[in-house]
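The residues making up each chain are set out below.
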Amino acid sequence: MSETSVTVIGLGPMGHAMAAAYLDRGYEVTLWNRTAARADALVARGARLAGSVEEALRANELVVLSLTDYDAVYAILEQAPQALSGRTVANLTSDTPVKAREAATWLAERGAAQITGGVQTPPPGIGSADAATYYSGPADAVARHRAALEVLTGVEYLGEDHGLAALYYQIGIDMFWTGLVGYLHGQAVALANGISAEQFLEHAVKTMDFKYFLEFYAPRIDAGNHEGEVDNLGMAVASLTHVLHTAEDSGVDASLPAAVLDLFRRGVAAGHERDSLTSLVEVLKR
């Protein structure tokens, strides 16, 4: 098996981008996808479409999975468990840390090594040196296949625990979706008041630059220091109440700020009215 050959299983937007990146770098690429027609454009570029999961697995030592969830991983790999022996499976499928660890054990029992991955870029970023992926699992497997992994993105290796990459990824996605929904809610209020997203763009970019707050809060969170000398939950409740009323006055669904306001009020009820916003970490951990 060549060091510049790889099997890619799963040809959604992410898997398709990964296979294309390997082709761009001159790799021999074997593909498998439940809907075979999704491979047509890649096959036209020189990729080989396997006729079965077993054929795809046996074609290369490195197998890259990009699937919807780990249920899909099992649904596919259970079709040919006998072909897993000796394979390294770069499992770039999103799911929970617990499921990542369970899958690693399942693969090890069948003679394969899992490298868990959490990709930190949308499909257009695949192949870019500026993009990165969290990886965890056997250090020797990551080292052996590092060049192939770096075709896709930069490598951020977190350690041997198979669940770490999934955990870091999900923490980031938690913040990502929450932040973007906040942006969209703000734009709904803007549009309702005749302000276009383009008009507000410069202000949105500045508002969503949280670097100062993150660097200020992180050491205080770790130290359990929630002193409210800079901000406090009482102020936050008053501020977000104004946001809630502005959304309602604009005819915009106010359930998002209402949900956040409810959390702020829970913090106040827990005795944190004069404490920093970071005190919500203690509320959320319960």
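Residues numbered from 1 in each chain as written. Predicted model: local features only at pLDDT ≥ 70, side-chain atom pairs only at ≥ 80, totals over all residues. Heavy atoms only, no water.

Help me out: how do you make sense of helix α11 (residues 233-249) in this one?
Spacing of three or four residues puts side chains on the same side of an α-helix, whose turn is 3.6 residues. The first and last C-alpha atoms of α11 sit 24 Å apart over 17 residues, in line with the 24 Å expected at 1.5 Å per residue. Within α11, burial applies to L233, A236, V237, L240, T241, L244 and A247. Projection of α11 onto a plane perpendicular to its axis shows the buried side chains occupying an angular sector of 135 degrees, all on one side. Opposite its buried face, α11 presents the exposed residues H242 and D249, each directed more than 90 degrees away. Where α11 begins, the side chain of N232 points an oxygen toward the backbone nitrogen of G234, at a separation of 3.0 Å. Looking one or two places after α11, you find G251, whose phi comes out positive at around 75 degrees. (Helix = DSSP H or I, 4+ residues; strand = E, 2+ residues; numbered from the N terminus. Expected span 1.5 Å × (residues − 1). Buried < 20%, exposed > 50% of the residue type's maximum accessible area, 1.4 Å probe, protein only. Arc of directions from axis to C-beta. Polar contact = N/O pair within 3.5 Å; in protein donor to acceptor, adjacent residues only side chain to side chain.)

Help me understand the pairing of strand β7 (residues 132-136), please; the structure alone is not making it clear to me.
The two faces of the sheet receive side chains in turn, since in a regular strand these alternate between them. Of all five residues that make up β7, five are buried, and the element is covered over most of its length. Across the two faces of β7 the burial is the same, with A132, Y134 and S136 and T133 and Y135 all buried. Across four bridges, the pairing between strand β6 (residues 113-119) and β7 is antiparallel. Within β7, the position partnered with G118 by the bridge is Y134. (Pairing = 2+ DSSP bridges.)

When you look at the packing of aromatic side chains in this model, what are you seeing that I'm missing?
Geometrically, a pair of aromatic rings is defined through the distance of the ring centres and the angle of the planes. Across all of its chains, the model carries eight aromatic pairs by this definition. Relative to Y27, the ring of Y22 lies with its centre 5.0 Å away and its plane at 50 degrees, an arrangement referred to as tilted. Here the two residues Y22 and Y27 agree in accessibility, since each one is buried. The interplanar angle of 5 degrees and the centroid separation of 6.1 Å between the aromatic rings of Y212 and F216 together place this pair among those described as stacked. Of the two residues, Y212 and F216 are both situated in helix α10 (residues 211-223); the distance of four residues between them amounts to about one turn of the helix. With a relative accessible area of 54%, Y212 lands in the exposed category. Through successive ring pairs, a cluster of aromatic residues spans Y212, F213, F216 and Y217. (Phe/Tyr/Trp six-rings, centres within 6.5 Å; stacked < 30°, edge-to-face > 60°.)

Any chance you could explain the sheet that holds strand β8 (residues 154-157) here in plain terms?
Spatial strand order, β3-β2-β1-β4-β5-β6-β7-β8: eight strands in an open sheet with mixed pairing. One side of each edge strand has no neighbouring strand; the edge strands of this open sheet are β3 (48-49) and β8. The sheet contacts of helix α5 (residues 97-108) involve β5 (88-91) and β6, and relative to β6 the element is tilted by about 155 degrees. (Contact = heavy atoms within 4.5 Å. Axes fitted to C-alpha atoms, helices over the stretch in contact; angles between N-to-C directions.)

Can you walk me through a nonpolar patch on the surface in this structure?
On the surface, M208, F210, Y212, F213 and L214 cluster together to form a nonpolar patch covering roughly 520 Å² of accessible area. Mapped onto the fold, L214 is located in helix α10. (Patch = residues over 30% accessible without salt bridge, like charges linked within 9 Å, V, L, I, M, F, W, Y side chains within 5 Å. Areas by Shrake-Rupley, 256 points an atom, 1.4 Å probe, with all protein chains shown as cover. Salt bridge = Lys/Arg side-chain N within 4 Å of Asp/Glu carboxyl O.)

Would you mind going over the side chain of S5 with me for this structure?
You can see S5 is positioned in strand β1 (residues 5-9). A relative accessible area of 7% places S5 in the buried class. When neighbours within four sequence positions are excluded, S5 is seen to be in contact with Y27, E28 and N60.

What am I meant to see in the packing of helix α4 (residues 70-77) against α5 here?
When two helices pack together, their arrangement is given by the angle between the helix axes and by the axis-to-axis distance. Between α4 and α5, the shortest axis-to-axis distance is 11 Å and the interhelical angle comes to 15 degrees. What the angle tells us is that α4 and α5 run roughly parallel. Here the hand of the crossing between α4 and α5 comes out left-handed. Counting all contacts with α4, which are made through Y70, Y74 and L77, the residues of α5 involved are K99, A100, E102, A103, W106 and L107. When grouped by side-chain class, the residues that make up the contact of α4 with α5 number seven nonpolar, no polar and two charged. (Parallel < 35°, antiparallel > 145°, perpendicular 65-115°, else oblique. Left-handed = near helix turned anticlockwise from the far one by under 90°. Nonpolar A, V, L, I, M, F, W, Y, C, P; charged D, E, K, R; others polar.)

What exactly am I supposed to notice about the side chain of H185 here?
Residue position: H185 is located in helix α8 (residues 164-192). Discounting chain neighbours no more than four positions away, the residues touching H185 are A247, V252, D253, A254, L256 and P257.

Just checking my understanding: could you explain the pattern of salt bridges for this structure?
Two side chains bearing opposite charge may form a pair once their charged atoms approach each other closely. The tally for this structure, following the rule as stated, stands at twelve salt bridges. Among the salt bridges present, the one from R144 reaches E61, with a minimum N-O distance of 3.1 Å. Note that R144 is positioned in helix α6 (residues 139-144) and E61 in the loop between α3 (53-59) and β4 (62-65), a separation of 83 residues in sequence. Relative accessible area serves as the criterion here: at 26%, E61 is assigned to the partly exposed category. Put simply, D161 and R101 hold a salt bridge, and the shortest N to O gap is 2.9 Å. On the criterion of sequence distance, the pair formed by D161 in the loop between β8 and α8 and R101 in helix α5 is long-range, its members being 60 residues apart. Since its relative accessible area comes to 35%, R101 is described here as partly exposed.

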